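Architecture and fold: a report
The chain contents come next:
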Amino acid sequence: MDILFWILIIGCFILSFVGLLYPIIPSVLVIWAGVGIYHFGINSNEISWITVTMLVILTILLFLADYLANQHFVDKAGATQWGNRAAAIGLIVGSFVIPPFGVIIIPFAFVLIAEMLQKKSFQESFKVAFATFIAFLSGTIAKAVVQLIMIIVFFVDVAI
């Protein structure tokens, strides 16, 4: 039975990285699901409070990294509220259209159009759309690093 649980745990960890390209998959929750499977399925006494605390802190860091990367690049470029909304909608729509490239192309196009509808020039609109692209990439890289650290913390605790 332990082998089945380990397959599920590793599957959760892999799925968390798939969630980086398909934002519809809640990556951090999938990691926590893997930890929960271990705790409730294999050994409920092995995961230390230090590991749980570190995972909680890393989860908060993951959300902050994503939010701050987006705010930094998009606000610095001068995005409007409509541009921010278009990016969010484009990210969701892009998850289903031309996967996995849709999460890059669709938000870019939606932001470009939204900013132009706000009477910005093509150059200004393109700058905001490009900043949205950079924010997505930097946020994705930051989330990947934090997720990897979370998984390493889990395995180090379980292996010791």
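On a predicted model such as this, the values are computed, not experimentally measured, just so you know.

About the criteria used
- Residues numbered from 1 in each chain as written.
- Predicted model: local features only at pLDDT ≥ 70, side-chain atom pairs only at ≥ 80, totals over all residues.
- Heavy atoms only, no water.
- Helix = DSSP H or I, 4+ residues; strand = E, 2+ residues; numbered from the N terminus.
- Buried < 20%, exposed > 50% of the residue type's maximum accessible area, 1.4 Å probe, protein only.
- Contact = heavy atoms within 4.5 Å.
- UniProt positions renumbered as here; feature names shortened; annotations may be inferred.
- 1 Å grid on protein atoms, 1.4 Å probe; cavity = no way out; pocket = protein on both sides within 12 Å on 5 of 7 lines; lining within 4 Å.
- Points joined across faces, edges and corners; volume = space filled by probe spheres on them.
- Nonpolar A, V, L, I, M, F, W, Y, C, P; charged D, E, K, R; others polar.
- Salt bridge = Lys/Arg side-chain N within 4 Å of Asp/Glu carboxyl O.
- Expected span 1.5 Å × (residues − 1).
- Core = buried A, V, L, I, M, F, W, Y, C linked by side-chain atoms within 4.5 Å.
- Lys, Arg positive; Asp, Glu negative; His and termini not counted.

1. Regarding the overall build of the protein chain
Looking only at helices and strands, one finds six helices and zero strands in the protein chain. Start at the N end of the protein chain and walk to the C end: the helices and strands fall as α-α-α-α-α-α. The principal-axis extent of the C-alpha atoms belonging to the protein chain is close to 60 × 30 × 15 Å. Within the protein chain, buried positions represent 36% of all 160 residues. Counted over contacts in the protein chain with a minimum sequence separation of 6, partners at least 24 positions apart contribute 68%.

2. Let's talk about the UniProt feature "transmembrane region" (unreviewed entry) in the protein chain
When the UniProt feature table is mapped to this numbering, "transmembrane region" (unreviewed entry) covers residues 6-35, 47-69, 89-114 and 126-156. The distance from the first to the last C-alpha atom of residues 47-69 is 31 Å, and the span holds 91% helix and 0% strand. Helix makes up 100% of residues 126-156 and strand makes up 0%, while its end C-alpha atoms are separated by 45 Å.

3. A closer look at the environment of Phe 136
Here Phe 136 shows up in helix α6 (residues 122-159). Taking the relative accessible area as the measure of exposure, Phe 136 reaches 16% and is therefore buried. A C-alpha to C-alpha distance of 9.9 Å links Phe 136 and Val 74, two positions 62 residues apart in sequence. Setting aside chain neighbours within four positions, we find Phe 136 in contact with Leu 20, Leu 91, Val 103 and Ile 104.

4. A few points about the layout of surface pockets
Taken as a whole, the largest pocket holds about 660 Å³ of empty space. Lining the largest pocket are 28 residues, and of these Pro 23, Asp 66, Leu 91, Phe 136 and Lys 143 sit closest to its centre. Along the lines of polarity and charge, the residues of the lining of the largest pocket split into 19 nonpolar, seven polar and two charged.

5. Quick look at the pattern of salt bridges
In the structure shown here, the tally under the stated rule is one salt bridge. Between Lys 120 and Glu 115 there is a salt bridge, with the nearest N and O atoms lying 3.2 Å from each other.

6. Here we look at helix α2 (residues 27-42)
The end-to-end C-alpha distance of α2 is 22 Å, a good match for the 22 Å that 16 residues give at a rise of 1.5 Å each. The set of residues buried in α2 consists of Ser 27, Val 28, Val 30, Ile 31, Gly 34, Val 35 and Tyr 38. Looking at the buried residues of α2, the elements they touch are α1 (2-21), α3 (49-77) and α6.

7. Things to note about the nonpolar core
Phe 13, Tyr 38, Met 150 and Phe 154 are the most contacted members of the largest nonpolar core, which totals 16 residues. Every element with two or more residues in this core is listed here: α1, α2, α3 and α6. No other element matches the six residues that α6 contributes to this core. Residue contacts for Phe 13: discarding those within four places in its chain leaves Ile 31, Gly 34, Val 35, Ile 151, Phe 154 and Phe 155. With twelve residues, the next largest nonpolar core counts Leu 112, Ala 114, Val 128 and Ala 129 among its residues.

8. Considerations on unusual backbone geometry
Keep in mind that most residues, glycine aside, have a negative phi and that most peptide bonds are trans. Look at Lys 119: it is not a glycine, yet its phi comes out positive at around 70°. Summarising the element assignment, Lys 119 is placed in the loop between α5 (102-117) and α6.

9. Considering the side chain of Asp 157
Its location among the elements puts Asp 157 in helix α6. For Asp 157, which is buried and forms no salt bridge, the nearest opposite charge comes from Lys 143, at a distance of 25 Å. What Asp 157 contacts, discounting residues up to four positions off in sequence, is Glu 46, Ile 47, Ser 48 and Thr 51.

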